[in-house]
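# Chains, contacts and geometry: an overview
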Amino acid sequence: MTQFQYPAPKLFIAGEWRGVEGRDTIPVVNPATEEVIAQLPVATIADLDEALDAANRAFAQWRATSAFERATILHRAGQLMRERAVHIGHVSTVEQGKVLAESTAEATASGDIFDWFAEEARRAYGRIVPSKQPGVRHNVLKEAIGPIAAFTPWNFPLTIPSRKLAAALAAGCTVIIKPAEETPGTCLELARALDDAGLPKGVLNVVFGHPAQISEHLIASPVIKKISFTGSTAVGKHLSELAARGMKKTTMELGGHAPVIVCDDADIDQAALAMARSKYRNAGQICIAPTRFYLHDSVHDRFVDAFIGHVTRLKVGNGLDPTTTMGPLANERRLGAMASLINDAVGKGARLQTGGARVGNVGNFWQPTLLCDVPNTADIMNIEPFGPIAVTQRFDDLDAAIREANRLPYGLAAYAFTASSSRANALGERIEAGMIGINFAVLTGPETPFGGIKESGHGSEGGIEGLDGYLNTKYVAQA
Ligand code: NAD
């Protein structure tokens, strides 16, 4: 690749790129070096109104575009994401921090998400229901909901916007998206790919600014028919309240605090390797990251030794360095959060087994950390850490372990390891989570539903459910 330069971030409204001219700005910071790499334009109220108008006008045209034609554009965008994966990976790593191999893989995976939904667009079937009355036809139609407001976080600056955009656009909806201000460039690369693929003007609009101001303005507009948010449970509840005022549909992908149950008959080495890889990917800033490890008493120490064996091989550093295996936290406020969770747990009797401190004094680097025998009174047993910290407790009764796994209001992802198929069945049925990995750690793919229950939200992204989230069901009785 020729010398990489971080592209100046812009707003994308009605098919036009709008820069900082005459607008307030927000600095974009590289979390590995603390350097300001760009100034992000803040959308004015006039910008937001123009985005609303563009999304509204474009909806009439886009919903009437054949599914086949929509699919062609989405496939083309997916192909461009794959072709540009190395460039997009660099954009993502310098603004978000994750290692380049992960960022590049995210761009390639985004292409796959667009391919999946392009194909699903052609299968948005309705049905005809047999009628009791002769000559009457009961038609069930699937129709695009309308313009969508989407809000996405900084931890997967490409995967999360891709899931929302690919599904919404495939269904025939138009979108105004506000990606995280920390990581604007990556989603803008996605917008560029869609623009280059021939997406009509106004079908996609990208805005940035003060999150609360933008969400209040967009959600209150009668133009917006659905809200799709990924982020913390607290913000998700707030946006749900705003949506309820207009009885608008929502998809909420919120926080998690994934439990891991390791039974005494499990393959401990396999479990430790799979969980160490999952835990510290993206420096633990993943809503489905395994966090609360409930380990059978007879295998606790063996699991911890094997897990630490993998942790000590991690190399923390700048994601652009090819030898790095764990990058920095995405922003400075996460450093304070890590310190306070660890100090609180140790103060309440937890044993710090490895890690526990910041690395260096430039960049948001934190050591991969494992705390053992952490009491339920510790904050970290109750609050999502969203960072590179895992915690353990011991159990000798599986029912008690399942009760502990289900103790929190979260219900996003969970993991379990056992060699027994009857235990595997019971764990799959009894753990309260939207996604469960049993002897397996990979829970994301375009073809499978992704989403939580309880306070981790509702709605699924991915799979056939992903498309359905952007369709209304209409019943037409015809005599
Ligand atoms: P946050 O909830 O404040 O922010 C998450 C995202 O939501 C950001 O991109 C932010 O711009 C946006 N946001 C915040 N307030 C908003 C509002 N009023 N309207 C619209 N968008 C708004 O959290 P944070 O400090 O950035 O991250 C910390 C916590 O967020 C984590 O502990 C974790 O619980 C959660 N989080 C979850 C996910 C996920 O994938 N589920 C992703 C990122 C963060």
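Here the residue numbering is sequential within each chain, running from 1 through the sequence in written order. At least 70 in pLDDT is required for a residue's local features to be given in this predicted model, at least 80 for side-chain atom pairs to be given and counted, and no such filter applies to totals for whole chains, interfaces and linings, which use all residues. Excluded from the side-chain calculation are hydrogens and water; included are all heavy atoms of the structure.

## Digging into the pattern of salt bridges
Rules: Criterion for a salt bridge: a side-chain nitrogen of Lys or Arg within 4 Å of a carboxyl oxygen of Asp or Glu. Secondary structure elements are defined from DSSP: runs of H or I of at least 4 residues count as helices, runs of E of at least 2 residues count as strands, and each element is numbered from the N terminus. The buried label goes to any residue with under 20% of its type's maximum accessible area, the exposed label to any with over 50%, and the partly exposed label to all in between, with areas taken from a 1.4 Å probe on protein chains only.
Applying the stated rule across the entire model yields 30 salt bridges. With its nearest N and O atoms 3.2 Å apart, the salt bridge here joins lysine 142 to aspartate 468. Of the two residues, lysine 142 sits in strand S6 (residues 137–144) while aspartate 468 sits in helix H14 (residues 463–468), which places them 326 residues apart along the sequence. Judged by relative accessible area, which is 39%, aspartate 468 ranks as partly exposed. Taking the shortest distance from any N to any O, the salt bridge between lysine 454 and glutamate 432 comes out at 2.7 Å. Residue lysine 454 is found in the loop between strand S18 (435–438) and strand S19 (457–458), and its partner glutamate 432 is found in the loop between helix H13 (421–430) and S18; the two are separated by 22 residues along the sequence. In this structure lysine 454 comes out as partly exposed when scored by relative accessible area, which is 35%.

## Describing the sheet that holds strand S15 (residues 369–372)
Here is the rule: Here the rule is simple: two strands pair whenever DSSP picks up at least two bridges between them. Where helices are involved, their axes are fitted lines through C-alpha atoms of the stretch in contact, as for all axes, and angles between N-to-C directions lie from 0 to 180°.
Read across the open sheet, the seven strands follow the order S14-S15-S16-S13-S12-S17-S18; overall the sheet is mixed. Since the sheet does not close on itself, it has two edges, and those belong to strand S14 (351–354) and S18, each with one partner. Adjacent strand axes in the sheet meet at a mean angle of 20 degrees when their direction is disregarded. In terms of strand pairing, strand S17 (residues 413–417) meets S18 through four bridges, oriented parallel. Residue pairing in the sheet places alanine 416 in a bridge with isoleucine 438 of S18.

## Overview of the nonpolar core
Across soluble globular proteins, nonpolar side chains show a tendency to be buried alongside one another. The criterion, for reference: The criterion is simple. A nonpolar core is a set of buried Ala, Val, Leu, Ile, Met, Phe, Trp, Tyr and Cys residues joined through side-chain atoms within 4.5 Å. Whether two residues are in contact is decided by their heavy atoms: any pair within 4.5 Å suffices.
In terms of nonpolar packing, the biggest core is built from 80 residues, with Phe151, Leu165, Leu169, Val175, Leu194 and Leu204 touching the most fellow members. Setting aside its immediate chain neighbours within four residues, leucine 169 contacts Trp62, Arg70, Leu74, Val175, Leu194, Leu199 and Val203. With 71 residues, the next largest nonpolar core counts Ala180, Ile261, Phe293 and Met381 among its residues.

## Comments concerning the domain arrangement of the chain
Note the following rule: Domain start and end points were adopted from an automatic or database domain assignment. For this scheme, ten residues count as nonpolar: Ala, Val, Leu, Ile, Met, Phe, Trp, Tyr, Cys and Pro. Four count as charged, namely Asp, Glu, Lys and Arg, and the remainder, Gly too, count as polar.
According to the domain assignment, the chain contains domain 1 (11–254 + 456–478) and domain 2 (258–446). Computed from C-alpha coordinates alone, the two centres of domain 1 and domain 2 are separated by 30 Å. Taken together, the contact between domain 1 and domain 2 spans 27 residues of the former and 31 residues of the latter. Where domain 1 touches domain 2, the interface holds two salt bridges. In this structure, glutamate 182 engages arginine 333 in a salt bridge whose closest nitrogen and oxygen atoms are separated by 2.9 Å. Broken down by secondary-structure element, the contributors of at least two residues to the side of domain 1 that touches domain 2 are helix H3 (85–96) and helix H4 (100–121). By residue class, the composition of the side of domain 1 that touches domain 2 is 10 nonpolar, 10 polar and seven charged.

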